[in-house]
Amino acid sequence: MKLYMSPASPFARKARIVVRELDLARLVEEIPVNPATSEELHRVNPLRKIPALVLGDGSALIDSPVICEYLNELGGGKFFPGMSIWREVSGRWRALGLQALGDGIAEAAVARVYESRRPENEQSKDMLAKYLAQIARALDALERAKFAKDPTIGEIAVACALGYLDFRLPELNWRETRPQLAAWYETFAKYPSMQSTWPANLA
Ligand SMILES: N[C@@H](CCC(=O)N[C@@H](CS)C(=O)NCC(=O)O)C(=O)O
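The rules behind these values
Residues numbered from 1 in each chain as written. Predicted model: local features only at pLDDT ≥ 70, side-chain atom pairs only at ≥ 80, totals over all residues. Helix = DSSP H or I, 4+ residues; strand = E, 2+ residues; numbered from the N terminus. Contact = placed C-beta atoms within 7 Å. Axes fitted to C-alpha atoms, helices over the stretch in contact; angles between N-to-C directions. Parallel < 35°, antiparallel > 145°, perpendicular 65-115°, else oblique. Left-handed = near helix turned anticlockwise from the far one by under 90°. Buried ≥ 20, exposed ≤ 12 C-beta atoms within 10 Å, placed from the backbone. Pairing = 2+ DSSP bridges.

Draft legend 1. Fine view of the environment of I17. On the secondary structure map, I17 appears in helix α1 (residues 10-21). For the pair I17 and R118, spaced 101 residues apart in the sequence, the C-alpha separation amounts to 31 Å. Discounting chain neighbours no more than four positions away, the residues touching I17 are I156, S193, M194 and T197.

Below, the structure written as structure tokens:
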């Protein structure tokens, strides 16, 4: 299988962590691409976004939640807890809700980075402020959140979003007013799969 990715992408990083945690590296070739210019990526994902996963039969999966769930199933993982109406809060829906919040932070952060790279007179101050406010409110919600001892896709998504903030928006100083979240992340960031996927190159 081929995973189109970039080392800086928080969404691709989720899939790369699942690959490492479930020992799937021998099955998944990571292909770094620039989503704006890679014709190979454009052929498999009409949205021209990473990550995209091309399977053995040539079909492609797009969107990190879909890709991660596929990899989880392939590797017999437990990152997506099963359906159960008795575990609404602690099980699947908690994990998926947390993933949505983590991905939402990453989306706002990536959008802010893209906006800030446009010529200064074309940048929207309103949009830049809106992204910042979204990130701040979501981080405040995470400061009050309960994280699972056995990480799910929710914990992975949050960690990838926080890693992206450290990498691209360190000036936010998100730890300053969120000590619980900072303490949780400090432990989580020590996982070998987190360490070996630390964003190093350009997005
Ligand atoms: N919802 C998507 C978001 C993917 C995404 O936005 N990826 C960024 C890189 S971090 C991208 O490819 N951006 C290119 C573009 O928007 O043109 C997912 O979870 O995979």
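Draft legend 2. Representation of the packing of helix α4 (residues 92-116) against helix α5 (residues 125-143). In the contact formed by α4 and α5, the axes pass within 9 Å of each other and the chain directions differ by 155°. Compared by their axis directions, α4 and α5 come out roughly antiparallel. Relative to α5, α4 is oriented so that their crossing is left-handed. In this structure, α4 contributes L101, G104, I105, A108, A109, A111, R112, E115 and S116 to the contact, and α5 contributes M127, L128, Y131, L132, Q134, I135, A138, L139, A141 and L142.

Draft legend 3. Summary view of unusual backbone geometry. The linkage connecting I50 with the following residue, P51, adopts the cis geometry, with an omega of 5°. Residue R48 is not a glycine yet carries a positive backbone phi of 60°. Its identity as a non-glycine residue notwithstanding, D63 has a phi of 80°, on the positive side. Assignment of secondary structure puts D63 in the loop between β4 (60-62) and α3 (64-74). The class of D63 is partly exposed, set by 16 C-beta atoms lying within 10 Å.

Draft legend 4. Structural view of the sheet that holds strand β2 (residues 29-32). Strand order in the open sheet formed by 4 strands is β2-β1-β3-β4, and the pairing between neighbours is mixed. Across the chains shown, the open sheet's two edge strands, defined by having one partner strand only, are β2 and β4. Across this sheet, the average inter-strand angle for adjacent strands is 20°, counted without regard to direction. Note that strand β3 (residues 52-54) and β4 share 3 bridges and pair antiparallel. Paired with A52 across the strands is I62, a residue of β4.

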